[in-house]
Amino acid sequence: MVTRGPSSALMKELYRNCALYRIDWRKLFFAGAIMTIAGVMLQMFTLPYPLNMWFPSPPVTISLDEPINGAIELISERVNESMVQQFQLLEAVPSVLLNSPVELNVSKPVEPERFTVPQTRKSVPRRRRKSIKVDIKSNDKTSPPPPVPHRFQIFIQSLTPNEALEYARKEIEHVPFVTDDAELYAPLFRNVSLFKRSYELMEMILKVYIYPDGTRPIFHHPHLRGIYASEGWFMKLMEENKQFVTKDPEKAHLFYLPYSARQLEMALYVPESHNLKPLSIYLRNYVKKIAAKYPFWNRSHGSDHFLVACHDWGPYTVNEHKELSKNTIKALCNADLSEGVFVHGKDVSLPETTIRTPRRPLRNVGGKRVSQRPILAFFAGNMHGRVRPTLLKHWGDKDDDMRIYGPLPVRVARKMSYIQHMKSSKYCICPMGYEVNSPRIIEAIYYECVPVIIADHFAHPLSEVLDWNAFSVVVAEKDIPKLKEILLAIPLKRYLTMQINVKMVQKHFLWNPRPVRYDLFHMILHSIWFNRLNQIPIRQS
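Our subject in this report is the structure included herewith. (Residues numbered from 1 in each chain as written. Predicted model: local features only at pLDDT ≥ 70, side-chain atom pairs only at ≥ 80, totals over all residues. Heavy atoms only, no water.)

**Quick look at the side chain of Glu352**
Then, in step 1: Tracing the backbone shows Glu352 in the loop between β5 (348–349) and β6 (375–379).
Then, in step 2: The buried charged residue Glu352 lacks any salt bridge, with Arg388 as its nearest oppositely charged partner at 7.9 Å.
Then, in step 3: Among the polar contacts listed, one links the side chain of Glu352 to the side chain of Asn437, at a separation of 2.6 Å.
Then, in step 4: What Glu352 contacts, discounting residues up to four positions off in sequence, is Ile227, Tyr228, Ser230, Cys310, Cys333, Asn437, Ser438, Pro439 and Ile442. (Helix = DSSP H or I, 4+ residues; strand = E, 2+ residues; numbered from the N terminus. Buried < 20%, exposed > 50% of the residue type's maximum accessible area, 1.4 Å probe, protein only. Lys, Arg positive; Asp, Glu negative; His and termini not counted. Salt bridge = Lys/Arg side-chain N within 4 Å of Asp/Glu carboxyl O. Polar contact = N/O pair within 3.5 Å; in protein donor to acceptor, adjacent residues only side chain to side chain. Contact = heavy atoms within 4.5 Å.)

The structure is reproduced here in C-alpha cells:
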C-alpha cells in the first residue's frame, strides 16, 4: 500500500476548492494588460536609459560619408530620430570644434531659419494636386539640409563675414576624401570631395542680403517664361528663400542686385536702334544710388556683390560702370571667354533653360531608353550666328542618320515633334547662335540626350564643379564637316556611360518650385559662393 505525502493531499484539497469556481478569462486578461502597461510606464520614468536602448530598432547601416539626413525621411526604414541627430552632429561639426566627445551625443537646439522639421501633410485642393505631385516626385531622393550644430552657430556668429569666408576657404583646402555619397554621383564632378564640403559650408554659413531698392518691372519682377527664364527663376526663389537671405546687411557674405536683363530690355530698348547704351546707363545709375545710400559697395568696391543675367545682352549692360564690370561676380548665360567681360574663376556660367509652362517647370522632363533612340544626331532651329549656317550647309538633308534642319519643317513636325526628336536621338547638336550660349544644352539633358556643344570660347555652365567631359561631347567649329565621323568614332561603351551620366546630372539642372538640395537654384548659388571664396586671401597664422 502506497502512502501519499502531505503535498499530494494539499494539491487534491486545492483542486476540489478551485473546481467549484469558474475562471473569468476576460477579467484575467484585462488585469494582465493593466499590469503590463503599469510596468512599461514604470520603466520609462525610473530607468536611467530610454526604452529604445532596451528594445532597439532593427539595425540600419549608416555611413558617415553619406548625408545622414536622408534617413529622416523614413521612406523605407524607420530610424530613431534621436539616433539620427547624434550621427548628424558627428558628421557636421568641424574638427576644430570637437572639444568634447560627450557633448556630441546630446541633441542641440536647431536654428529655425536653417532647418524646418517636417510637418504633417495638409489636405491639398484637387485643382493643385497635379502640380504639387511633380514637386514631391522631384524631392523623393533628396534629403533636407542638415541642422547646424549649436556650437558651430556660436562659432560662426563670433566671426565677421570676411573671417567666416576665410574659415570656409581653409576648411575646403583640407577637405576629407569622399569615396561614396548617396546624393552625389562622383563621375560628374571635377572633385566631389571638395564640392561636398564646400556645399555643406555654404548651407551652414552663407547669408545673402537683397537690396530692396529698384523699381518694377526691371527690379524684383522675375521673368519666368522662355529661354531667358533662368534669371527670373533664380530671382524668384532667392527672394522667397529663408535659409540664405538675411535682412541684416552687416551679417551678409554676399549682396544680390535683383535686376532682370530681360525686363531691362523690354522696358528701355528701342527696337531696331541697336543701341544698348541706355540700358547700361540705367544700371550704372542704380549702382551709384546704392553706393551712395549704403556703405557696402564702397567697402569692397563691389567684389562681394553679384548679379544674375541670362539675356544675351547681359554682359553688355555692365560696361558703363567700371567696378560693376570688373569686380562684381556676374552669373551670365552668355559666358564668352573671348570678349573680356566674363572672367573665368570669378564669374559664373549660368545654365540657359527654356521654361514653356511656369506653373509646371518640370513638364516633359525625361527620355527614352537607348534602344528607342534610332536617330544618331538631331538639330532644328533658326539660322543665325556663324555656326548654324555652316552646320546646315554640311548636313542639312544629306544623311538619314543626321537629322539637321533649320526651323523644323511642318511635314516633319506632323510625324514627330521637336521634343520627340530629342527624346529619340542619341546625340543632340547644340550649336551657338548669335552668342556662345544655347538653351539646347540643358534641353538635351532634360530629355536624356547626350549634348554635342559647338561653340568655341564658351565657358560651360557650372564648370567650377561639373566635369562636362563626363556627359557631353565638345566639337570645335572647324570640325563641323567631320561631325558624323567624330560621333561614330565614340565607342558604344563610352556612349552608354555618357548617357547614364546625363540622367544622373539631370537633377542638378532642374528648377523646382520648392528648391531641394543640389538642384539648379542651389548649384548656381554654390558656384557664386565658391567663386567668392576663391577671392578671399588666406592669412598666414
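Having seen the structure, we can now continue with the description.
**Remarks on the side chain of Ser425**
Then, in step 1: Looking at where Ser425 falls in the secondary structure, it is placed in strand β8 (residues 425–431).
Then, in step 2: Setting aside residues no more than four positions away along its own chain, Ser425 makes contact with Arg373, Ile375, Phe378 and Cys449.

**Quick look at the sheet that holds strand β7 (residues 402–404)**
Then, in step 1: Read from one edge to the other, the open sheet built from five strands follows the order β7-β6-β8-β9-β10, with strand pairing classed as parallel. Edge positions in the sheet fall to β7 and β10 (473–474), since each has one partner strand and no second.
Then, in step 2: Bridge count for β6 against β7 is three bridges, and the pairing is parallel. Across the sheet, residue Phe379 finds its bridge partner in β7, namely Ile404.
Then, in step 3: With respect to the sheet, helix α19 (residues 492–505) is in contact with β8, β9 (450–454) and β10, its orientation differing from that of β9 by roughly 95°. (Pairing = 2+ DSSP bridges. Axes fitted to C-alpha atoms, helices over the stretch in contact; angles between N-to-C directions.)

**Here we look at the state of the cysteines**
Then, in step 1: Tallying each qualifying case throughout the model produces two disulfides.
Then, in step 2: Linked covalently through their sulfurs, Cys310 and Cys333 form a disulfide whose S-S length is 2.1 Å. One quick way to see it: the torsion about the S-S bond of Cys310 and Cys333 is about -90°, and its sign makes the bridge left-handed. Taken together, the positions of Cys310 in the loop between β3 (305–309) and α13 (322–326) and Cys333 in the loop between β4 (329–332) and β5 put the pair 23 residues apart, joining distant regions of the chain. (Disulfide = S-S within 2.5 Å.)

**Some points on the pattern of salt bridges**
Then, in step 1: Summed over the entire model, instances satisfying the criterion amount to 20 salt bridges.
Then, in step 2: The closest approach of N and O atoms between Glu200 and Lys196, which form a salt bridge, is 3.2 Å. Taken together, the positions of Glu200 and Lys196, both in helix α8 (residues 192–205) and four residues apart, correspond to about one turn of that helix.
Then, in step 3: A residue is classified by how much of its surface remains accessible, and Glu200, at 10% relative accessible area, is buried.
Then, in step 4: With a shortest N-O distance of 3.4 Å, Asp479 and Lys478 are connected by a salt bridge.

**Some thoughts on the sheet that holds strand β2 (residues 254–256)**
Then, in step 1: An order of β1-β2-β3-β4-β5 is seen for the five strands of this open sheet, with the pairing classed as parallel. Each edge of the open sheet is held by one strand with a lone partner, namely β1 (208–210) and β5.
Then, in step 2: Pairing of β1 with β2, which is carried by three bridges, proceeds in the parallel orientation. Looking at the pairing, Ile210 lines up with Tyr256 of β2.
Then, in step 3: Sitting on the sheet, helix α9 (residues 229–240) is in contact with β1, β2 and β3, with an inclination near 135° to β3.

**Thoughts on the nonpolar core**
Then, in step 1: The biggest cluster of nonpolar side chains holds 134 residues, and the ones touching the most others in it are Phe234 and Tyr427.
Then, in step 2: Considering every element that reaches this core, the biggest residue donor is helix α20 (residues 520–534), with eight residues.
Then, in step 3: Those residues within four positions of Tyr427 in sequence are excluded, and the remaining contacts are Leu376, Ala377, Phe378, Cys449, Val450, Val452, Val473, Leu487, Ile490, Tyr495 and Met498. (Core = buried A, V, L, I, M, F, W, Y, C linked by side-chain atoms within 4.5 Å.)

**So, unusual backbone geometry**
Then, in step 1: The omega angle of the peptide bond from Arg216 to Pro217 is 5°, so this bond is cis rather than trans.
Then, in step 2: Its location among the elements puts Pro217 in the loop between β1 and α9.
Then, in step 3: With a phi close to 55°, Leu462 is a non-glycine residue in the positive phi region.
Then, in step 4: Within the secondary structure layout, Leu462 lies in the loop between β9 and β10.
Then, in step 5: The backbone of Tyr518 shows a phi angle near 70°, a positive value even though the residue is not glycine.
Then, in step 6: Turning to its location among the elements, Tyr518 is positioned in the loop between α19 and α20.

**Concerning the environment of Pro146**
Then, in step 1: Structurally, the position occupied by Pro146 is in the loop between α5 (129–139) and α6 (150–157).
Then, in step 2: In this structure Pro146 comes out as partly exposed when scored by relative accessible area, which is 22%.
Then, in step 3: Sequence separation of Pro146 and Met204 is 58 residues, and the distance between their C-alpha atoms is 8.5 Å.

**What about the pairing of β6?**
Then, in step 1: Most of β6 is tucked away, with five of its five residues classed as buried.
Then, in step 2: Here three bridges tie β6 to β8, and the two strands are oriented parallel to one another. Within β8, the residue paired with Ala377 across the bridge is Tyr427.
Then, in step 3: You can see the chain leave β6, run along helix α14 (residues 388–395) and come back into β7, and the turn it takes is right-handed. (Right-handed = clockwise from strand over helix to strand, strands pointing away.)

**Here we look at the packing of α8 against α20**
Then, in step 1: For the pair α8 and α20, interaxial distance at closest approach is 10 Å and the crossing angle is 95°. One element, α8, and the other, α20, form an angle in the roughly perpendicular class. Mapping the contact onto sequence places Leu194, Phe195, Ser198, Tyr199, Leu201, Met202 and Ile205 in α8 and His522, Met523, Leu525, His526, Trp529 and Phe530 in α20.
Then, in step 2: A breakdown of the residues in the contact of α8 with α20 according to their chemical character gives 10 nonpolar, three polar and no charged. (Parallel < 35°, antiparallel > 145°, perpendicular 65-115°, else oblique. Nonpolar A, V, L, I, M, F, W, Y, C, P; charged D, E, K, R; others polar.)

**Structural notes on α9**
Then, in step 1: In this model, α9 (12 residues) spans 17 Å end to end at C-alpha, consistent with the 16 Å of a helix rising 1.5 Å per residue.
Then, in step 2: Counting buried positions over the 12 residues of α9 gives nine, a clear majority of the element.
Then, in step 3: Among the residues of α9, Ala229, Ser230, Glu231, Gly232, Trp233, Phe234, Met235, Leu237 and Met238 are the ones counted as buried. (Expected span 1.5 Å × (residues − 1).)

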